Amino acid sequence: MVPNPVIHPGSGEEPPGLYLHIPFCKSRCAYCSFNSYACQSPPAAYLAALASQIRHWAGQQWCRERTFATLFIGGGTPTIYDGSELADLVRLCLTSFTFAEDAEITVEANPNTVSEQALSALRRAGINRLSLGVQAFSDRLLAGLGRSHTVAEVCTAIGAARRAGFTNINLDMMYGLPGQSAPDWQDSLDQALAHAPEHLACYELTIEEGTPFARLVDKGELVLPDEEEALAMAERTHAFLAQAGLQRYEISNYAVLGRECRHNLNYWRNGAYLGLGAGAVSCLSGFRFSTVAEPEVFVGLVEAGELPLAEGECLPLAARFRESVVMGLRMLQGVSFDRLQRQFGLTPPGYYGKMLEDLQQQGLVAVGKDSLRLTETGLPVANQVLARLV
Ligand code: SF4
C-alpha cells in the first residue's frame, strides 16, 4: 500500500473510486428501478466474470498510475453472496489495484442477508463501512414497499455488524411512503437513532417509470403523502438529526463529523471512478462509459474474452464543468471555485454570468469569494435551481 496523494500528480484529478455492481436481490421491491434481478441463488459465473474484469482493469495503465481512495460494492444486494465469496472479491481488489492506506471500503447489504459470521469475514477482508438498506422501522410500511425483511431483522443485523467490528454504519431510510404519516417518519428516525448509526441517508420515495408502484399510481391505487406532508417530513429530518449530532452534508445525507461517505463525495465532486459489473458506469478523466446491464450478457461477453461495454462518450470540457457545478451543489458546502478553476479553467460567476446573479437575487444560491452553494431557500427546490444550471 502507498500513502494517499491528495491530488493525482499532473492531472488536477483527485484519487478515484472503484465500484463493483452485484445485480441480484432476493426479491424485487415495488419501487425499485435499479439494475437488479430477483434470484434466490446468485450465479457463481457472475462473480468469476467480475473477478476477470478486476484483473483486466487493474492491468490498464490508467489504473496502474492511480491510488484508489474508495471501494464500494453495491447492488442489488451484494450480501446475497456468501461472506467468504465476497471477502475473496474484496481481497482480489485490494491486491490488484493500489488503494490508499486509509481507503474507505463499503459493502451494501440488506438486513436479512447478513450473519455475524459473514460480517466478520467481510470485516477481516478489509471492509470498514456497512451500508444497510433499512428504509423504515415499521413492518407495515416495509411490507407495503415489498421489502423482504422485517424490523426485527434490521435490529439483529445492526447488532451483528457492531459485534463483527463495524464502527462505520450507514442506514438507508425513506420517507414519503404510501400510508406513512409524519409521526410514522419521526418514529422511524427515533428507532434509527437508537442504534447510533454514523451515517443516515434519507431519501424521499420517488415513483419511477416501469415499476409496480408506477402502475399502481396510474390506476389511482397508491396514495402517497401530499407535497406539503412530504416537505414537512423533510424539514423535520434536518433539525432532528442535527440535534442528534448527524450533520446534513448533502441534500439527502447526514453524518457524524468525519463519517461522510467518501465514495459518494467523489461522485458529487464529479471525480473519476471505475465501475465494474453489469450496468456499472465509469468516468475516467472525462471519458464515460457503461457496461451492458443484463448479467447473462455481461458474463457471456467476459467469458468470450470481449469487453462488456454498452456505450461511451467523451464529455466536452464545458459539459463536464456544468455537471460538476450541478452535482457539487448537492453538497451543503457547495462547489469550490479553486477546484473548478484547477480542473476546467472556469468558475461559475464567469461562466453563468447574469443567470447566476438572478438566482442570487432570488435568494436561491449564495456566491462567496471562493464558493457557490444553495441557500436554505434554495435547498428545498434544489431540482428546479439545478435544472437552470445544467
Ligand atoms: S433491495 Fe434495493 S436493489 Fe434490491 S430490489 Fe429492493 S430497492 Fe431494488
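Cut-offs used in this document
Residues numbered from 1 in each chain as written. Predicted model: local features only at pLDDT ≥ 70, side-chain atom pairs only at ≥ 80, totals over all residues. Heavy atoms only, no water. Core = buried A, V, L, I, M, F, W, Y, C linked by side-chain atoms within 4.5 Å. Buried < 20%, exposed > 50% of the residue type's maximum accessible area, 1.4 Å probe, protein only. Helix = DSSP H or I, 4+ residues; strand = E, 2+ residues; numbered from the N terminus. Contact = heavy atoms within 4.5 Å. Domains from an automatic or database assignment. Buried area = accessible area lost by both parts, 1.4 Å probe. Salt bridge = Lys/Arg side-chain N within 4 Å of Asp/Glu carboxyl O. Polar contact = N/O pair within 3.5 Å; in protein donor to acceptor, adjacent residues only side chain to side chain. Nonpolar A, V, L, I, M, F, W, Y, C, P; charged D, E, K, R; others polar. Pairing = 2+ DSSP bridges. pLDDT = per-residue confidence, 0-100. Expected span 1.5 Å × (residues − 1).

Asker: Which residues make up the nonpolar core, and what values go with them?
Answerer: Ranked by internal contacts, the top residues of the largest apolar core, which has 89 residues, are Leu18, Leu20, Ile22, Phe97, Leu171, Leu200 and Leu274. Here the element with the most residues in this core is helix 1 (residues 44-58); it accounts for eight residues. Not counting chain neighbours up to four residues away, the residues in contact with Leu274 comprise Gly17, Leu18, Tyr19, Trp57, Cys63, Phe68, Phe97, Val281, Ser282, Leu284 and Phe289. If you look at the next biggest cluster of nonpolar residues, it comprises 21 residues, including Leu356, Leu359, Val385 and Leu386.

Asker: Go over unusual backbone geometry with me, naming the residues and quoting the values.
Answerer: Cis geometry is adopted by the peptide bond preceding Gly76, which originates at Gly75 and carries an omega value of 20°. Secondary-structure assignment places Gly76 in the loop between strand 4 (67-75) and helix 3 (83-96). One non-glycine residue with positive phi stands out, namely Ala196, at about 50°. For Ala196, the location among the structural elements is in the loop between helix 7 (182-194) and strand 8 (199-204). Ala196 sits in the partly exposed class, given a relative accessible area of 48%. The phi dihedral of Asn270 is positive, around 60°, even though this residue is not glycine. Inspection of the secondary structure puts Asn270 in the loop between helix 10 (262-268) and strand 11 (273-276).

Asker: Give me the lowdown on the domain arrangement of the chain, citing residues and values where you can.
Answerer: Domains assigned within the chain are domain 1 (17-268) and domain 2 (317-389). Taking the mean C-alpha position of each, domain 1 and domain 2 sit 28 Å from one another. Buried area between domain 1 and domain 2, summed over both chains or domains, comes out near 830 Å², and the portion from carbon and sulfur atoms is 62%. Counting the surface domain 1 buries against domain 2, the share from its top three residues, Arg248, Ile251 and Trp268, is 61%. Linking domain 1 with domain 2 are one salt bridge, by the criterion used here. Summed over the shared surface of domain 1 and domain 2, the number is four residue pairs in polar contact (both at pLDDT 80 or more). Where the side of domain 1 that touches domain 2 is concerned, the elements lending two or more residues are strand 9 (247-250) and helix 10. Considering only residue class, the side of domain 1 that touches domain 2 consists of six nonpolar, one polar and two charged.

Asker: Mind laying out the pairing of strand 1 (residues 17-22), listing which residues take part and the relevant values?
Answerer: Within strand 1, six of the six residues are buried, which leaves it mostly tucked inside the rest of the structure. Residues Gly17, Tyr19 and His21 of strand 1 are buried on one face, and the alternating residues Leu18, Leu20 and Ile22, pointing to the opposite face, are buried as well. One ladder, built from six bridges, connects strand 1 with strand 4; its direction is parallel. Paired with Leu20 across the two strands is Ile73, which belongs to strand 4. Two strands pair when backbone bridges link them, and strand 1 and strand 11 are joined in this way by four bridges, in the parallel orientation. Bridged to Gly17 within strand 11 is Tyr273.

Asker: I'd like a rundown of the confidence of the model for the chain, residues and numbers included.
Answerer: Averaged over all residues, the pLDDT of the chain equals 95, while 97% of them reach at least 70. Between residues 1-11, whose pLDDT stays under 50, and residues either more than four places distant or in other chains, the model counts 26 contacts.

Asker: Break down helix 12 (residues 317-328) for me, with residues and values.
Answerer: Residues spaced three or four apart along an α-helix point in a common direction, a consequence of the helix completing one turn every 3.6 residues. The end-to-end C-alpha separation of helix 12 is 16 Å, in line with the 16 Å expected for twelve residues at 1.5 Å each. Looking at helix 12, one finds that the buried residues are Arg320, Phe321, Ser324, Val325, Val326 and Gly328. If you follow the buried residues of helix 12, they end up packed against helix 10, strand 15 (335-336), helix 13 (337-344), helix 14 (348-352), strand 17 (371-374) and helix 16 (382-389).

Asker: Hey, could you go over the pattern of salt bridges for me, with residue numbers and the actual values?
Answerer: With the rule as written, the count across this model stands at eleven salt bridges. For Arg262, the salt bridge is made with Asp102, and the minimal N-O distance between the two is 3.9 Å. Here Asp102 lies in strand 5 (residues 98-109) and Arg262 lies in helix 10, a separation of 160 residues in the sequence. Of the residues examined, Arg262 reaches a relative accessible area of 30% and is grouped as partly exposed. A residue is classified by how much of its surface remains accessible, and Asp102, at 46% relative accessible area, is partly exposed. Residue Arg288 is joined to Glu323 by a salt bridge in which the shortest nitrogen-to-oxygen separation is 2.7 Å.

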